[in-house]
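# An overview of the molecular structure
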Amino acid sequence: MKVVAILLVLLPVVAVFALRFRRHYSRYKDGTWVVPRIAGRLQKLEVLYGRALEDATRQYIERRLRVLLVGLGLLWILGLGVLLLPEEEKETGQIPRPAAEEDAAGVRVQLSDGESATEVELTVESRDLTEEEFAKAADDAERELEKEIYGENRASDYVTGDLVFPEKDRTGKLQISWDTDTLTVIGRTGTVRREELESPCVVEITATLTDGIRTRQAEYTATVIPAKDTETVFQRALRSLTELEESSRGEAVFRLPEEVDGVRVTEQKKSGKKTICTIYLGVVLVAGALFLLRENKQKEMLKDREERLQHVFYRFVKRLTLLLGAGESLQGSLVTAAAVEERYLTPEVQYAVNRIRTGSAEPAVYADLGRSLGLQTYVRLFSTISTAAPRGSSQLLGLLEQEVKDAEAEAKESARRRGEQAAQKLLLPMILLMIVVIGIVLFPAVVGM
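Conventions we followed
- Residues numbered from 1 in each chain as written.
- Predicted model: local features only at pLDDT ≥ 70, side-chain atom pairs only at ≥ 80, totals over all residues.
- Heavy atoms only, no water.
- Helix = DSSP H or I, 4+ residues; strand = E, 2+ residues; numbered from the N terminus.
- Buried < 20%, exposed > 50% of the residue type's maximum accessible area, 1.4 Å probe, protein only.
- Contact = heavy atoms within 4.5 Å.
- Areas by Shrake-Rupley, 256 points an atom, 1.4 Å probe, with all protein chains shown as cover.
- Pairing = 2+ DSSP bridges.
- Axes fitted to C-alpha atoms, helices over the stretch in contact; angles between N-to-C directions.
- Patch = residues over 30% accessible without salt bridge, like charges linked within 9 Å, V, L, I, M, F, W, Y side chains within 5 Å.
- Salt bridge = Lys/Arg side-chain N within 4 Å of Asp/Glu carboxyl O.
- Phe/Tyr/Trp six-rings, centres within 6.5 Å; stacked < 30°, edge-to-face > 60°.
- Lys NZ or Arg CZ within 6 Å of the ring centre and 35° of its normal.
- Expected span 1.5 Å × (residues − 1).
- Parallel < 35°, antiparallel > 145°, perpendicular 65-115°, else oblique.
- Left-handed = near helix turned anticlockwise from the far one by under 90°.
- Core = buried A, V, L, I, M, F, W, Y, C linked by side-chain atoms within 4.5 Å.

Counting its secondary structure elements, the chain contains twelve helices and seven strands. Looking at the 449 residues of the chain, the share that counts as buried comes to 26%. Long-range contacts, defined here as pairs at least 24 residues apart, represent 54% of the contacts in the chain between residues at least 6 apart. Accessible surface, the chain as shown: approximately 32,200 Å² in total, 57% of it carbon and sulfur.

Okay, structure coming up:
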């Protein structure tokens, strides 16, 4: 322990020197034998000279000092933990016996005959109860048993279910054995048999409590109610009907009585309407579910269409501007530029161009194309085209160049929003991972408490 204490004092001193050397590295790079030696080794491993060699040497020393500081910190924490551990008790040959209310303890004992040795496990039982302790434990057990043995039964004078006969008291120090004066009604394990009873039966129960040395008996009573006395009106009527059915099994027809034991009896025939209604309701529910699923699928497809069109808008406008600037016609530029998205954008543009080629007015077609695509960005773009196209390609080209700048800024903003959404989705897994790591770190400490 003295060595550990000395190390705890020296480690911070070494750490201070290491930090000072790291901070004032330039003061030592020419005046100590350590730095030139490191530089010579690095120069052999890599072809470095001048400033590059100095930088590599500094980085090498900083990495090593960082590792040294972390190691010193861990050693200091470990040494502090060793100092805080309770010292081992000196060997006295005396093993404390567990108290009467505690469990037995296991002790490792070494046996040696002078030539060889072995270790064995010795069980030290808890101390025996004194007279006063036994009397108190027995009194407590009697009070607890009076509440416990009747289990879920309504009361001691109305027993209709099995009793609870524990083999030990709550402390585990007293063994309990059971007996009754009518074993055919209540067995030694608490099982209640009342099928053959014609009238309530009072049973005396005896519990024998012992700690292995002393013994005490506790007396309890239970009144077991016959099974027939606990029947409901309908259970009694069903039993009577069953007896009538059994007595008429020789006849071809069993005739239901109009009344039995004061209960009116009528036959309930199966109704086909109920079955048809159930089937109809099931069909309605299935049809409704299919309709909702289809609607949901269509909404997802529309959302996918909007996301894809919005995603390619910047590329579409930029390509359209480049093609017009290169001298392409507006219709040809639209068809070529729309190739960036072949599922939704290309068919819409191709349909619009075909309308123009068949004689439709260009401004009206472009306005319809923007509305058909549905997104505000496309509506704005094709509204600009429908207005500026009749005035000449030069004015249209200038407007499209401004549209490209706006689309680029919007694309960057959209990318930023998608990044934030992705980060938010990763937040929950990161929190769960942190909880798992904390659990792994704390589990040994909790188990060891």
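One open sheet accounts for three strands, arranged E3-E4-E5; its pairing is antiparallel. Two strands bound the open sheet, and with one partner strand each, they are strand E3 (175-180) and strand E5 (215-224). On average, adjacent strands in this sheet sit at an angle of 25° to one another, irrespective of strand direction. In this structure, E3 lies alongside strand E4 (residues 201-210), joined through six bridges in antiparallel fashion. Bridging from a neighbouring strand, Gln175 pairs with Thr210 of E4. Contacting E3, E4 and E5, helix H5 (residues 131-148) crosses the sheet at an angle of about 10° to E5.

Another point: a nonpolar patch on the surface. Together, Leu427, Leu428, Ile431, Leu432, Leu433, Met434, Ile435, Val437, Ile438, Val441, Leu442 and Val446 line one region of the surface with nonpolar side chains, adding up to about 1,100 Å² of accessible area. Looking at where Val441 falls in the secondary structure, it is placed in helix H12 (residues 393-447). Taking the relative accessible area as the measure of exposure, Val441 reaches 56% and is therefore exposed.

With that out of the way, let us pick up the packing of aromatic side chains. With the rule as written, the count across this model stands at four aromatic pairs. When the centroid spacing of 6.2 Å and the interplanar angle of 35° are considered together, the rings of Phe316 and Tyr378 count as tilted. With a gap of 62 residues between them, Phe316 in helix H7 (residues 272-325) and Tyr378 in helix H11 (residues 376-388) connect regions that are remote in the sequence. Judged by its relative accessible area of 0%, Tyr378 is buried. Chaining the aromatic ring pairs together yields one cluster made of Phe313, Phe316, Tyr378 and Phe382. If you follow Arg154 out to its NZ or CZ, it ends over the ring of Tyr158, 4.0 Å from the centre.

Turning our attention to the environment of Glu125. For Glu125, the location among the structural elements is in the loop between strand E2 (117-124) and H5. Accessibility expressed as a relative area gives 48% for Glu125, which makes it partly exposed. Sequence spacing of Glu125 and Pro98 is 27 residues, and the spatial spacing of their C-alpha atoms is 6.9 Å.

Before going further, it helps to examine H5. Its 18 residues place the ends of H5 25 Å apart at the C-alpha level, agreeing with the 26 Å of an ideal helix rising 1.5 Å per residue. Among the structural elements, E3, E4 and E5 are those in contact with the buried residues of H5.

Structurally, the position occupied by Glu403 is in helix H12. Taking relative accessible area as the criterion, Glu403 reaches 7% and is therefore assigned buried. Apart from the residues lying within four places of it in its own chain, the contact partners of Glu403 are Phe313, Val317, Arg380 and Leu381.

With that settled, the discussion passes to the packing of helix H8 (residues 330-337) against helix H9 (residues 345-357). Packing of H8 against H9 leaves a shortest axis separation of 9 Å and a crossing angle of 160°. Accordingly, the angle class assigned to the pair H8 and H9 is roughly antiparallel. In terms of crossing hand, the pair formed by H8 and H9 is left-handed. The segment H8 lies against H9, with Gln331, Leu334 and Val335 engaging Val349, Gln350, Val353, Ile356 and Arg357.

All right, on to the environment of Leu309 then. Structurally, the position occupied by Leu309 is in helix H7. Classification of Leu309 as buried rests on a relative accessible area of 0%. Separated by 68 residues in the primary sequence, Leu309 and Thr377 place their C-alpha atoms 9.7 Å from one another. The residues touching Leu309, leaving out its near neighbours within four places in the chain, are Glu341, Tyr344, Leu345, Leu373, Leu375 and Tyr378.

Turning next to H11. The terminal C-alpha atoms of H11, which comprises 13 residues, lie 18 Å apart, in line with the 18 Å expected from a rise of 1.5 Å per residue. The set of residues buried in H11 consists of Thr377, Tyr378, Leu381, Phe382, Ile385, Ser386 and Ala388.

Attention now goes to the nonpolar core. One finds Phe316, Leu334, Leu345, Tyr378, Leu381, Phe382 and Ile385 to be the most contacted residues of the largest nonpolar core, which totals 34 residues. Of all elements in the fold, only H7, H8, H9, helix H10 (362-373), H11 and H12 reach the threshold of two or more residues within this core. Ranked by the residues each element gives to this core, the list is headed by H7, at nine residues. Not counting residues up to four positions away in its chain, the partners in contact with Ile385 are Leu320, Leu330, Tyr366, Pro390, Leu396 and Leu400. Among the nonpolar cores identified, the runner-up in size contains 26 residues, and Leu163, Ala207, Leu209 and Val224 belong to it.

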